[in-house]
Amino acid sequence: MTRTSLLLLAGLAAMAAAPAPNLPVPPIPPTHPPTDVAAPVPDTDVHAPIVVASEDPRVQIRNFRVNRFDQSRGFLPGSRYESSEERKGIQTPGLSVTVPLH
């Protein structure tokens, strides 16, 4: 056996010989639980808020920046690969058109 394995075995033996930590005592249920109070039940009359979908087409101005995975993993520490879109100082905004289909 090597010295490292002997030290490891000695450390494990010392840990096994140490006393167990004092844990808190868990709460003990009563011998006679209360029977005059009902258990809590979720409210069955609750409904989600009604969202009225717009019937009209919508046009929004948005920035379409693609969030890709980290492509700099193969580079030196401190360097980072940037695509041509990421190198732009100002992102070109685009139009988002939403047309509901009913």
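Residues numbered from 1 in each chain as written. Predicted model: local features only at pLDDT ≥ 70, side-chain atom pairs only at ≥ 80, totals over all residues. Heavy atoms only, no water.

1. Quick look at the overall build of the protein
Summing up its helical and strand segments, the protein has two helices and two strands in all. By residue count, 5% of the 102 residues in the protein fall in the buried class. Taking as baseline every contact in the protein between residues at least 6 positions apart, the subset at least 24 positions apart corresponds to 77%. Of the roughly 10,400 Å² that the protein leaves accessible, carbon and sulfur atoms contribute 63%. (Helix = DSSP H or I, 4+ residues; strand = E, 2+ residues; numbered from the N terminus. Buried < 20%, exposed > 50% of the residue type's maximum accessible area, 1.4 Å probe, protein only. Contact = heavy atoms within 4.5 Å. Areas by Shrake-Rupley, 256 points an atom, 1.4 Å probe, with all protein chains shown as cover.)

2. What to know about the pairing of strand β1 (residues 58-63)
Counting buried positions over the six residues of β1 gives zero, only a small fraction of the element. When β1 meets strand β2 (residues 93-98), the two strands line up antiparallel, connected through six bridges. Note that in β2 the partner of R62 across the bridge is G94. (Pairing = 2+ DSSP bridges.)

3. Remarks on a nonpolar patch on the surface
On the surface, V59, I61, L95, V97, V99 and L101 cluster together into a nonpolar patch covering about 690 Å² of accessible area. Contributing elements (two or more residues each) for the nonpolar patch: β1 and β2. Its location among the elements puts L101 in the segment after β2. (Patch = residues over 30% accessible without salt bridge, like charges linked within 9 Å, V, L, I, M, F, W, Y side chains within 5 Å. Salt bridge = Lys/Arg side-chain N within 4 Å of Asp/Glu carboxyl O.)

4. Focus: the environment of E86
With respect to the secondary-structure elements, E86 resides in helix α2 (residues 84-87). Residue E86 is classed as partly exposed on the basis of its relative accessible area, which comes to 32%. Not counting residues up to four positions away in its chain, the partners in contact with E86 are R80 and Y81.

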